[in-house]
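# Architecture and fold: a report
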Amino acid sequence: SDSVRTVLWFNGRGREAAEFYTSLIPNSRIVASYTGDEGPARFEVIDFTLGGVAYQILDAGPYFQLSEAVSIMVNTPDQAETDRLWAALTAEGGQESMCGWLKDRFGLSWQICPERLLQIMSGPDRAKAGRAMTALMTMKKIDLAAIEAAAD
């Protein structure tokens, strides 16, 4: 339903960000946008979906900053999709972090996580999950083959 969405506060480049994000994730699109200059501030609102999930960018000035307290998690089907998204999101000033986390060029945090890692981590074999976690803690971008090898 479109009745609930996460709103991301931007200080400039909001439309550029929404266009970039929707170009990366299948089943994504910009739904609507509007601008206003009521009162002292000019703003733009961009409603969009990522993978069918509703989001909104409120591009309204320097009053609030993005932080790692909010991130978008993408569960990828395989290493190729993990690599594709990682490369695109860290390009042009993005920053790698640890354990599958990154910050894109706009300052928004993402977690790019292969579905297989989540299966191992939530599986019944807790020793296997522990070995996967130990390997994960050494990685920036998640290397699924190395996770599988460590888990086994």
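Notes on the structure in this doc start here.

About the cut-offs
Here, residues in each chain are numbered from 1, in the same order as that chain's written sequence. Only residues with pLDDT of at least 70 get local features here, since the model is predicted, and only at 80 or more are side-chain atom pairs given and counted; chain-wide, interface and lining totals rely on the full set of residues. For the side-chain quantities, the full set of heavy atoms in the structure was used; hydrogens and water were omitted. Elements are defined by DSSP. Helices are runs of H or I of four residues or more, strands are runs of E of two residues or more, and each kind is numbered from the N terminus. Each residue is placed in one exposure class: buried if its accessible area under a 1.4 Å probe, protein chains only, is under 20% of its type's maximum, exposed if it is over 50%, and partly exposed if it falls in between. Here, Shrake-Rupley sampling with a 1.4 Å probe gives the accessible areas, and only protein chains in the shown set may cover a residue. Whenever two N or O atoms come within 3.5 Å, that pair is a polar contact, provided that in protein one can donate a hydrogen and the other can accept it, and provided that, for residues adjacent in sequence, both atoms are side-chain atoms. Residue contacts are defined here by distance: any two heavy atoms, one from each residue, within 4.5 Å place the two residues in contact. Two strands form a pair only when DSSP identifies at least two bridges running between them. Salt bridge, as applied in this entry: a Lys or Arg side-chain nitrogen positioned within 4 Å of an Asp or Glu carboxyl oxygen.

### Quick word on the overall build of the protein chain
Within the protein chain one finds 5 helices and 8 strands. On the principal axes, the C-alpha backbone points of the protein chain span a range of 60 × 30 × 25 Å. Expressed as a percentage of the 152 residues in the protein chain, the buried residues total 43%. Of the roughly 8100 Å² of accessible surface on the protein chain, a fraction of 53% belongs to carbon and sulfur atoms.

### Observations concerning the side chain of Q111
Note that Q111 resides in strand β8 (residues 109-114). Side-chain polar atoms of Q111 contact the side chain of W101, separated by 3.5 Å. Not counting residues up to four positions away in its chain, the partners in contact with Q111 are S71, I72, M73, V74, G100 and W101.

### Re the pairing of strand β5 (residues 71-76)
The alternating pattern of β5 places I72, V74 and T76 on a buried face and S71, M73 and N75 on a face that is not buried. Pairing geometry for β5 and β8, over 6 bridges, is parallel. Counterpart to I72 in the pairing with β8 is W110.

### Here's the deal with the pattern of salt bridges
By the definition in use, this model includes 10 salt bridges. K103 is paired through a salt bridge with E68; the nearest N and O atoms lie 3.0 Å apart. Taken as a pair, K103 in strand β7 (residues 101-103) and E68 in the loop between β4 (53-59) and β5 lie far apart in primary sequence, 35 residues in all. When the shortest N-O distance is used, the salt bridge between R105 and E92 registers 3.4 Å. Taken as a pair, R105 in the loop between β7 and β8 and E92 in the loop between α2 (79-90) and β6 (95-96) lie far apart in primary sequence, 13 residues in all. For E92, a relative accessible area of 65% corresponds to the exposed category. When salt bridges with common partners are traced through the structure, they connect R15, E19 and E44 into a single cluster.

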